[in-house]
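# Architecture at a glance
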Amino acid sequence: MITISVRNLVEFVLRSGDLDNRRTSQADRDAMQAGSRIHRKIQKQMGAGYQAEVKLSCQIEEEEFTFQVEGRADGILTEPSGVTIDEIKGVYRSLVHMEGPDPVHLAQAMCYAYFYSRDRELPSIGVQVTYCNMETEEIRRFREERTYEELEEWFRGLIHEYVKWARYLYLHTLRRQESIRDLAFPYPYREGQRELAAAVYRSIARGRNLYIQAATGIGKTLSVVYPALKAVGEGLGDKVFYLTAKTITRTVAEETFSILRERGLYFTSVTVTAKEKLCILEKPDCNPAACPRAAGHFDRVNDAVYDIIHRERAITREVILRYAEEYQVCPFEFCLDITDWCDGIICDYNYVFDPNVRLKRYFGERAKGEYLFLVDEAHNLVSRAREMYSAALVKEDVLAARRLAKEVSPRLARALDRCNRVLLEMKRECGGWEILESVAPLVQTVMGVGGELEELLEEQPAFPGREELLEFYFQVRDFSMIYELTDECYRMYSQIREDGSFMVRLFCVNPSANLSACLEQGNAAVFFSATLLPVNYYKELLTGNREEYAVYASSPFPRENRLLIIGADVSSRYTRRNLREYGRIAEYIEKIVMGRAGNYMVFFPSYQYMEQVAGVLEERNVPFQWICQKSHMGEREREEFLARFEERRDVPFAALCVLGGLFSEGIDLKEERLIGAVIVGTGLPQVNVEQEILKGYFDGEERRGFDFAYQYPGMNKVLQAAGRVIRTAGDRGVIALLDERFLYGSSRSLFPREWEDARVVNLRTVEETVREFWEGTDEHQN
C-alpha cells in the first residue's frame, strides 16, 4: 500500500507553468501559520451542524497498486439541503478581486468531498473554499455542487497521473529494505561504539528521543546512522533526516552514506543546500522576468526529478546543479522536489524546525510521517531555535517602508503611519529596555500593513522600491506569525538600541515546546554532540522532558596523548582586564607554544581582548609566528586562514581566534595540523538584554538563571574549542584553560569525565609541565 497526503498529491500532480515569487499569495499560503487562529474562529461560528478537523481517507486501486490517500477536512457542514465540504484558507490579500478559488485549494476540497460522498453513498455533495482576510476577518466563500460520478472520474484521473511515481517508490523501497537487511557494520567496532549503536536502535524501536554525549573520535556519525538505517529496514521509519548546523558536518554525513553504499546499501540521499548557494543568478529572484529558468519551470521539473532519482543515489549540490542545467529548472526548487523521492535528507536544522523555512510537504498541516531525526552537533540547536522562533519589528524600518510606499500606495502609507504611531507611543514609555505585557495593539496595525503590502505586491509586479518592500513584507509576516506562537515560553520586550533605533522583539526564551511539536511529527529523534553537557540543560530546552533517554560515550583515545592544564594565576574577568593581565596571558601562550614546534590555536573571549594580547606579543617580538582572526571573514579568507595549518613547522605557529567564532568548532585539523589549544576565559556570554531576560526567566522557573543564561553556554564554547585538538587515535596535544574560575566547583562539575586528570599550573610551572608531557609522548611513541 502506498500512502500519500491529499495536499502532497494535488500539489504534485496539478502544478504547471512558471515559478514566480511576485505572487506573494503563494508564499503566504504556505508560510502563514497565523491561519490556524482563523480556522478555529470560523469553525466555532458555524453552528451545531458543522464538524471541524475531520480526518478522512480513501483506499483506491489503480493498476497493481493500492493507494491510501488521507488528510484532514477543515469542516463538514450538514444541513437539511445536503452536505458541504469546507476548505478554509487565511490570507492577507483583499478578497474583493478574487474571481474564484485557487485550483489547488479547490482540488483539496474535492478530494475530501469524494472520500465523504463515497463513504456515505451520497449522490452529490457541496464543495466549498472559504477565504478569510487575516486583518479584517472579512470572509468570502466559493461553493459549487458536484455529483459523485464527477468526483470519482476526476479523482481516478488524479491517481492515474501518479502511478508511474508510485511504481518507482514501490520497487525502490523493496530493493532498499533488502539491502539494509544484509548490511553489516563496515569496520571493527571501537570501544563503546557497539553500545552506542544499540542504544540508538532501542530508542527508535521504542519511539523515544535519545541524547548522546560522545567524545570526538568514537565515530558518532556512523554509530547513529547505521542503527537508524537498520531501524528503517525493520519498518520503524521510512525517511531519515540528518540535521546539521554547518556545511562540514553535512559532508561527514554524505561520506558516511557513501561508505555504507560501498558495503551494499541501496539508499538515495539528497543534500539540501541554501537557495543562495544553488541559484544561477547573483541574487535569487524567482520569476520569469529575472530568471530564464523560472519560465515554465513546473512544466519541466517532474521530468528532471524522474530522471535524477532513477540514475543517482548520492544527490549532492554538484549533481543537482548538473541536472538543473540539463533540464533548465531552478536548482533550489528542483532540490526540494527531489526530497520527496529520497530515503535520506541531509539538511540544515531550519528545514525541519524553522516555521518560515521548514519543508511544508512534510511538516505542513500538522502532518505526521515515518521520520527519524538525527540531530548532529545538537548543542547548536538551542540558540538556533531561539532565533527561529523569535521575531522583531524596528520602528526605523517602518518609516523606511513608508517613504517607499508614499508614491505607490497611499493606503499602505496610511497603514504604516498607524503602525508607526503605536511604535512611537511605545518608545516614549521605554527607558533603555522593558518587558512588555502585551503587544496586541501593535500586532493589529502590523496585520493591516501586511494586508496592504500583500495587495500592492500582488497587483504591481514592478515599481521603484518593490524589492525593499518585499523584504519588509517578509519581516511583517514573520512578526505576525511568531506572535501566534507566543505563550509563557516567550518574553516580549522593547529596546532603544545603541544606534538610537527602537525595536519590539518577540523573544522565544524556551524553544522546547516549539521543537517538540515538530519532533512529534516523526517517530523518534537522536540528539548527538561531543559537548552535550549538562545533558539535563539540553533536555529542558530541546524537548522539555528530563526523562528522555541519555547515553554518555567516553573517549576511546589514551589520555597520555593529551595534556590538560588549568592556569590558576590568571583570569579574564572584567575587573582584571588590564595591561598586566594581558602580559601574563601572553607569557602563558609563549611558554606553551614554545614547548614544541607545530600549530596552535588560542581562543579569546572577544576581539578586543585578542587585540590587546596581540599588541603585547608584537611588542615583545616573541620567537614564534602568529596571526589574528579578522572580524567578518569571507569564505575565501576563512579557507586561507585554515590553509596555514597545512604547512610543516620548524618554529611554533599560533592562530589567535575568538571563542565561539568561526574556528572554535566545525573544523577538523587532525594529527600534526593542530597540536594545542589555549582557551582564555570561561566563555561566558557578554551581559546584554537577552542574556538578562534569560536569567530572569529561569530564575522565575526556579532554575539557576545564571547557569542557564551564562555558565552552560559558556562552558559549551570552551568544550568545543578544546575538542579541536584530539580528533584521532594518532593525535597528541595540549589543552590549556587559562582562568582561575576553571578551578571552581561550578565549572569543574561541567567537565566531561575525560577531564578528571586536569593539572593545575601557574606561570612558574607551566613550561616544565608542557616539556615533560612532550618528552613522555615521544618516549611512548618510540
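Everything that follows concerns the structure shown earlier in this document.
One structure accompanies this document, and this report is about it.

Definitions and cut-offs
- Residues numbered from 1 in each chain as written.
- Predicted model: local features only at pLDDT ≥ 70, side-chain atom pairs only at ≥ 80, totals over all residues.
- Heavy atoms only, no water.
- Phe/Tyr/Trp six-rings, centres within 6.5 Å; stacked < 30°, edge-to-face > 60°.
- Helix = DSSP H or I, 4+ residues; strand = E, 2+ residues; numbered from the N terminus.
- Buried < 20%, exposed > 50% of the residue type's maximum accessible area, 1.4 Å probe, protein only.
- Lys NZ or Arg CZ within 6 Å of the ring centre and 35° of its normal.
- Pairing = 2+ DSSP bridges.
- Axes fitted to C-alpha atoms, helices over the stretch in contact; angles between N-to-C directions.
- Contact = heavy atoms within 4.5 Å.
- Salt bridge = Lys/Arg side-chain N within 4 Å of Asp/Glu carboxyl O.
- Core = buried A, V, L, I, M, F, W, Y, C linked by side-chain atoms within 4.5 Å.
- Parallel < 35°, antiparallel > 145°, perpendicular 65-115°, else oblique.
- Left-handed = near helix turned anticlockwise from the far one by under 90°.
- Nonpolar A, V, L, I, M, F, W, Y, C, P; charged D, E, K, R; others polar.

To continue, consider the packing of aromatic side chains. A full pass over the atoms with the stated rule returns 44 aromatic pairs. Between F241 and Y371, the aromatic rings sit 5.4 Å apart at their centres with planes inclined by 80 degrees, giving edge-to-face as the arrangement. Separated by 130 residues along the polypeptide, F241 in strand β8 (residues 239-244) and Y371 in strand β12 (residues 371-376) bring together distant segments of the chain. By relative accessible area, F241 is classed as buried at 0%. Here Y371 falls in the buried class, since its relative accessible area comes to 11%. Note on F641 and F663: the rings are 4.3 Å apart at their centroids and 20 degrees apart in plane angle, and the pair reads as stacked. One end of the pair, F641, is in helix α24 (residues 635-643); the other, F663, is in the loop between β22 (653-658) and β23 (676-680), and 22 residues separate them in sequence. Assigned by exposure class, F641 and F663 land together as buried. When the ring centre of Y549 is taken as origin, the NZ or CZ atom of R208, which lies over that ring, is 4.1 Å away. Its end group placed over the ring of Y552, R753 keeps NZ or CZ at 3.9 Å from the ring centre.

Let us look at the sheet that holds strand β13 (residues 391-394). Spatial ordering of the open sheet is given by β13-β16-β15-β14, a layout of 4 strands whose pairing is antiparallel. Of all strands in the sheet, those with a lone pairing partner are β13 and β14 (433-436), marking the two edges. Looking at each pair of strands side by side, their axes are set apart by 20 degrees on average, direction ignored. Bridging between β14 and strand β15 (residues 490-496) involves 4 bridges; their strand directions are antiparallel. Note that in β15 the partner of E434 across the bridge is S494.

Turning next to the sheet that holds β23. Taken in spatial order, the 7 strands make up an open sheet running β21-β22-β20-β23-β24-β19-β25, and their pairing is parallel. One side of each edge strand has no neighbouring strand; the edge strands of this open sheet are β21 (625-628) and β25 (759-761). Strand-to-strand, the axes of this sheet are offset by a mean angle of 20 degrees, without reference to chain direction. By the bridge criterion, 4 bridges tie strand β20 (residues 599-604) to β23 in an arrangement that is parallel. Opposite M601, over in β23, you have A677 as the bridge partner. Of the strands in this sheet, β19 (562-567), β20, β24 (733-738) and β25 touch helix α28 (residues 766-781), which is tilted by about 175 degrees from β19.

Applying the stated criterion to the full structure yields 44 salt bridges. Among the ionic pairs, R584 bridges to D569, the shortest N-O distance being 3.1 Å. One end of the pair, R584, is in helix α22 (residues 579-593); the other, D569, is in the loop between β19 and α22, and 15 residues separate them in sequence. A salt bridge links R573 to E740, with the nearest nitrogen and oxygen atoms 4.0 Å apart. Of this pair, R573 sits in the loop between β19 and α22 while E740 is found in the loop between β24 and α27 (745-748), placing the two residues 167 residues apart along the sequence. Overall, R573 belongs to the partly exposed group, its relative accessible area being 27%.

Moving on, we get to the environment of L416. Along the polypeptide, L416 turns up in helix α17 (residues 410-428). Residue classification places L416 among the buried positions, given a relative accessible area of 1%. Separated by 151 residues in the primary sequence, L416 and G567 place their C-alpha atoms 57 Å from one another. Once you skip the residues sitting within four places of it in the chain, L416 turns out to touch V398, A401, R402, A405, V449 and F472.

Attention shifts here to the pairing of strand β16 (residues 502-508). In terms of residue burial, β16 counts as a mostly covered element, since 7 of its 7 residues are buried. Going residue by residue along β16, you find F502, V504, L506 and C508 tucked away on one face and M503, R505 and F507 tucked away on the opposite face as well. The pairing of β13 with β16 spans 4 bridges and is antiparallel. Counterpart to A392 in the pairing with β16 is R505. In this sheet, β16 lies alongside β15 in antiparallel orientation, the contact comprising 7 bridges. Bridged to I496 within β16 is F502. From the end of β15 to the start of β16, which pair antiparallel, there are 5 residues, and G500 there has a positive phi angle of about 90 degrees.

Judged by nonpolar contacts, the single largest core of 192 residues is most densely connected at F155, F334 and F353. Per element, the largest residue contribution to this core is 11 residues, and it comes from helix α4 (residues 103-120). In this view, F353 contacts L243, R358, L381, M388, Y389, L515, C518 and L519; residues no more than four positions away in its chain are not counted. Grouped together as the second largest cluster of nonpolar side chains are 36 residues, V570, V593, V770 and W774 included.

The next subject is the environment of V382. Positionally, V382 belongs in helix α15 (residues 381-388). By relative accessible area, V382 is classed as buried at 4%. Between the C-alpha atom of V382 and that of L541, which follows or precedes it by 159 residues, the distance is 6.5 Å. Excluding residues within four positions of it along the chain, V382 makes contact with P511, Y537, Y538, L541 and L542.

Take the side chain of S269 next. Secondary-structure assignment places S269 in strand β9 (residues 269-271). Residue classification places S269 among the buried residues on the basis of a relative accessible area of 5%. Dropping the residues within four chain positions of it, S269 is found in contact with F257, R261, R313, A314, I315, C342 and G344.

Time to look at helix α20 (residues 512-519). Summarising burial for α20: 6 of the 8 residues are buried, a large majority. Considered for burial, the residues of α20 that qualify are S512, N514, L515, S516, C518 and L519.

This paragraph deals with the packing of helix α16 (residues 395-405) against helix α19 (residues 466-485). Angle between the axes and distance between the axes: these two values describe a pair of packed helices. Direction vectors running N to C along α16 and α19 enclose 140 degrees, while the axes themselves pass 10 Å from each other. The orientation of α16 with respect to α19, classified from their angle, is oblique. Considering only the axes of α16 and α19, their crossing is left-handed. Between α16, through D397, V398, A401 and L404, and α19, the contact on the second element is made entirely by E468, L469, F472 and Q475. Counted by class, the contact of α16 with α19 contains 5 nonpolar, 1 polar and 2 charged residues.

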